[in-house]
Amino acid sequence: QESPAAVTLYAELGENAGISQIVDHMLALALQDTRIKDSFRDSNLKRLAALIKEQFCVLSDGPCRYSGDGMKETHAGLQITSAQFNALAEDLQIAMEQAGIPSRLQNRLIARLAPMKRDIVHIRP
Ligand code: HEM
């Protein structure tokens, strides 16, 4: 029996508590990750964590509203490379793995983030 519409990715990730744990762990890994940690030097980490949680909730069809700024404007001055984008995705995957999220679900969240790459990665002029 299948009911694909019944269960949201949000529910499968463990709702707010699950997403909150994953995002906190992802950011903790990012802040230790020599490939990307310098990018967060001047960031308000509490605000960043709260906004990424909102965004992951929306992306996974949860009952939330994203209240932050757009991805293009936010990341415009940060000169983020494709390799750095992939590094954060890798940290997210590790966080989900350690939270016991099955790879099928990990891939579903990553797939929903992938289209944002074009707004986040800095294209050299
Ligand atoms: C799919 C990948 C990503 C998502 C979903 C994402 C999401 C977000 C969100 C929601 C914000 C807050 C926006 C606001 O302040 O209103 C933000 C800010 C920020 N992001 Fe990303 N981001 C991604 C990739 C990256 C990468 C790869 C880096 C650096 C390596 C990065 C560095 C930052 C920094 C430094 C800020 C904070 C700016 C500040 O507080 O001044 N992000 N991001």
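In case you missed it, the structure is sitting above this.
Residues numbered from 1 in each chain as written. Predicted model: local features only at pLDDT ≥ 70, side-chain atom pairs only at ≥ 80, totals over all residues. Heavy atoms only, no water.

Considering the state of the cysteines
This is how it is decided: Disulfides are defined as cysteine sulfur pairs within 2.5 Å. The classification of residues rests on relative accessible area computed with a 1.4 Å probe and restricted to protein chains. Under 20% of the type maximum is buried, over 50% is exposed, and intermediate values are partly exposed.
Applying the stated criterion across every chain, the model contains one disulfide. Disulfide partner of C57: C64, at an S-S distance of 1.8 Å. The disulfide joining C57 to C64 has a torsion of about 70° about its S-S bond and is therefore right-handed. According to the relative accessible area criterion, C57 is buried, its value standing at 0%. Its relative accessible area of 29% is what places C64 among the partly exposed residues.

A closer look at the site of the ligand
Put simply, the rule reads: The near set for a molecule or strand comprises every residue that places at least one heavy atom within 4 Å of it. The way it works is that DSSP assigns letters per residue, a run of H or I at least four long becomes a helix, a run of E at least two long becomes a strand, and they are numbered from the N terminus. Residue type decides the class: Asp, Glu, Lys and Arg count as charged, Ala, Val, Leu, Ile, Met, Phe, Trp, Tyr, Cys and Pro as nonpolar, and the leftover types, Gly among them, as polar.
Lining the immediate surroundings of the ligand are 23 residues, of which S39, R47, Q55, D69 and H75 lie closest. Those elements that place two or more of their residues in the shell around the ligand are helix 3 (45–59), helix 4 (71–75) and helix 5 (82–98). It is helix 3 that provides the largest number of residues to the shell around the ligand, a total of five residues. Class assignment of the residues belonging to the shell around the ligand gives a composition of 13 nonpolar, eight polar and two charged.

A closer look at the coordination of the iron atom of the ligand
Rules: Note that water is not among the atoms considered, so a metal site may appear incomplete; the donors listed are N, O and S atoms within 2.8 Å of the metal, with 3.2 Å applied to Na, K and Ca.
When only protein atoms are considered, the iron atom of the ligand has one donor, H75 (NE2), at a distance of 2.1 Å. Relative to the helices and strands, H75 is located in helix 4.

Describing the side chain of Q106
Note the cut-off: Polar contact is the term for a pair of N or O atoms within 3.5 Å; when the atoms are in protein, one must be able to donate a hydrogen and the other to accept it, and sequence-neighboring residues count only if both atoms are side-chain atoms. Should any heavy atoms of two residues lie within 4.5 Å, those residues are considered in contact.
Take Q106: it is sitting in helix 6 (residues 103–113). We classify Q106 as buried; its relative accessible area is 3%. Of the polar contacts made by the side chain of Q106, one reaches the side chain of E97; its length is 2.9 Å. If we skip the residues at most four places from it in the chain, Q106 touches Q93, M96, E97 and I101.

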